[in-house]
Amino acid sequence: MVLNPVIGKLVSKRVVLASASPRRQEILTNVGLRFEVVPSWFKETLEKSSFAAPYEYAIETAKQKALEVANRMHLVSLSAISIVRSCVCVAVGKQILEKPVDKQDAYKMLSRLSGKEHSVFTGVAIVHCSSKDNRLETEVTDFYEETKVKFAELSEELLWEYIHSGEPMDKAGGYGIQALGGMLVEYVHGDFLNVVGFPLNHFCKKLAELYYPPLKHTIQHVKHDSIPSVETFENLSDGESDSSNPLQHKSANTLEANGVPLSGAVHTLVNSGSIKPALFVASKLKVFDLLKDKCVLKAVDVANKIEASVCGTERLLDACASLGLLEKTHQGDFYCRTIPVKLLRSHFFSLYNFQLHNCINKILYSVFKDSCYHTVEAKQHFMTAMHSIAKLTARDVATAFDLSPFRSVCDLGGCTGVLAHELVQKYPNLNVTVFDLPDVIANVSCFQPSGQHITSVMFTAGDFFKDNLPEADLYILSLILHDLNDEKIHILLSKISAICKPGSALLLAEIVLDEEKTHPSRGVLQSLSMTEGKQRNGSEYKQLLEKYGFTNVQIKITGNILDAILGFKKTSAR
Ligand SMILES: C[S@@+](CC[C@H](N)C(=O)[O-])C[C@H]1O[C@@H](n2cnc3c(N)ncnc32)[C@H](O)[C@@H]1O
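If you're wondering where the values come from, they're calculated on a predicted model, not measured in any experiment.

A. Inspection of the packing of aromatic side chains at higher detail. A full pass over the atoms with the stated rule returns 9 aromatic pairs. Where Tyr-55 meets Phe-121, the ring centres are 6.4 Å apart and the plane angle is 45°; that geometry is what we call tilted. Residue Tyr-55 is found in helix H3 (residues 54-76), and its partner Phe-121 is found in strand E5 (residues 117-132); the two are separated by 66 residues along the sequence. Look at Phe-406 and Phe-568: their rings are 6.3 Å apart centre to centre, the planes differ by 15°, and that puts the pair in the stacked class. Taken together, the residues span a long stretch of sequence, with Phe-406 in the loop between helix H16 (376-398) and strand E13 (408-412) and Phe-568 in strand E21 (residues 563-569) at a distance of 162 residues. A residue is classified by how much of its surface remains accessible, and Phe-568, at 19% relative accessible area, is buried. Ring pairing ties together the aromatic residues Tyr-55, Phe-121 and Tyr-144, which thus form one cluster.

B. Quick peek at the environment of Leu-326. Here Leu-326 shows up in the loop between helix H14 (310-322) and strand E11 (327-328). Residue classification places Leu-326 among the buried positions, given a relative accessible area of 2%. Residues Leu-326 and Phe-288, spaced 38 residues apart in sequence, show a C-alpha to C-alpha distance of 8.2 Å. Setting aside anything within four residues of it in sequence, one finds Leu-326 in contact with Val-287, Phe-288, Leu-291, Leu-317, Cys-320, Ala-321, Phe-334, Tyr-335 and Cys-336.

C. The arrangement of the confidence of the model for the protein chain in detail. The predicted model of the protein chain has a mean per-residue pLDDT of 77, with 75% of residues at 70 or higher. The weakest mean pLDDT in the protein chain belongs to helix H9 (residues 246-249) at 30; the strongest belongs to strand E16 (residues 474-478) at 98. Counted against residues more than four places away or in other chains, residues 218-274, with its pLDDT under 50, gives 98 contacts. Here residues 339-373 is modelled with pLDDT under 50, and outside its nearest four sequence neighbours on either side it reaches 96 contacts, counting other chains as well. The ipTM value of the predicted complex is 1.00, and its pTM value is 0.50.

About the cut-offs
- Here the residue numbering is sequential within each chain, running from 1 through the sequence in written order.
- Totals for whole chains, interfaces and linings use every residue, but because this is a predicted model, local features are given only for residues with pLDDT of at least 70 and side-chain atom pairs only at 80 or more, for both listing and counting.
- Just so you know, side-chain values use all the structure's heavy atoms and leave hydrogens and water out.
- Aromatic pairs are defined between Phe, Tyr and Trp rings, using the six-membered ring for Trp, whenever the two ring centres lie within 6.5 Å; interplanar angles under 30 degrees are classed as stacked, those over 60 as edge-to-face, and all others as tilted.
- Note on conventions: DSSP H or I runs of at least 4 residues are helices, E runs of at least 2 residues are strands, and numbering of each starts at the N terminus.
- Relative accessibility thresholds used throughout: buried, under 20% of the residue-type maximum; exposed, over 50%; partly exposed, between the two (1.4 Å probe, protein chains only).
- Every residue pair with non-hydrogen atoms within 4.5 Å of one another is taken to be in contact.
- Predictor confidence is given residue by residue as pLDDT, running from a minimum of 0 to a maximum of 100.

Rendered as structure tokens:
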């Protein structure tokens, strides 16, 4: 079966991993799957002898664990979710070796494995849950993967050294192949990640089968490691042959970037999201023709020539510069230097970022539009997606500046409260209020973590354009301003400025573009399809805050998806 790029398509689905295992989480996070973690409470107590084969035990345990979470989650949320759970067991013949209970047990297990081949089985259950008349309906799909592992002959000394390291204790079979346990292994036959804890390849195939069965005629097999046909490049212009147009210059089979042949991954990227449209539009508008032969133009001149708006043209040119299709000088001039297919070198292997970018786009363009909340499901999807992105960014935003002088925080449009919880973790004395639309606040309960600091986060429903804002000495706007037009920004920032006492502050979390506005690409590309708002560079954010009475503006480029900007309300002395 052909492996489809299914993970990206799951972005809009609510996925729950019913396991607290950091190894599973890492494997799935690494491929860009966004999920919530709800560890199962089902105890691994099934009677092993009642199963004819070890894999049956692994599957049944995975299934019971996933179903337990499904039932529990149904009590708090009726939305459709997919719950994933796997169970690994190590077997010698028919005998299953579980996690050792103590060092002696670990010794017994490992010495049984010494010098022999054993099997690692992982049973996986994917439970699709929906709600009918308030009743939980589940569809279970399960499968297993077997990998054979052979241990070297282990000396007593090595065995005990390994056991004393403590590593065997929470691992099925008493070893972890991804760390010190890797020393014990002579060979692995089969999926290595299956031994680590999750059979990723089989899982992806299953998802593709379940959610997005490919139509036979649409499947394009990867032929070899050279170039797939890159018709994207050849069909871009109006069909006029222009030997100087670099996009038409090379034949599909010789396209390369910095001497490296474009791989299938690049093809996927070029054909997806904003990149293909950017290339297509720029080419269609003959931007490359205008800027070829060392012709250097400002955005406004290009706009005049192609009879387009200056703002839109500027975004398009910035996007092309960000993709390496054009060059931009410090003075804001654009020109076409070399073959534009040096394309996206930094993006080649960054599918993850790209999915995230798409995901952010989808959300952001709908977020301030009523359509986002039209159906319960759409709302849940939106909140789940925001929640997942915030999980990735919140820590870096919360720790970008020293916020210890503040006593109370109000996160305006704070959605499910991820940043709020992160702040309370870092500053336990902080009182944090999340302020968001009533529809959002009504649904935050299932996103809340369990733990000691929960009481310090309060949720208040309201509209930040119309209602009074809660009092606080630090206000936060995370992923809000860039999507608002100037008029809405004026209403919101005037309100915040009016309520802020001297010494209070406003913290923004946004993508901060570089001064030329050509990087980071995810921000520049996002600008392309924004209708109301825009992405800004550091100087523009500084100016914006100063305009509304915030001074001493500091900017922290976090290296994560969102950067942080902090400004203090002017004291009368200033
Ligand atoms: C793009 S999300 C950002 C969520 C969160 N701040 C983050 O960074 O992950 C925008 C949030 O603003 C909220 N929002 C939009 N309009 C609002 C309004 N008029 N009043 C209060 N919240 C609003 C949305 O419901 C949503 O949760």
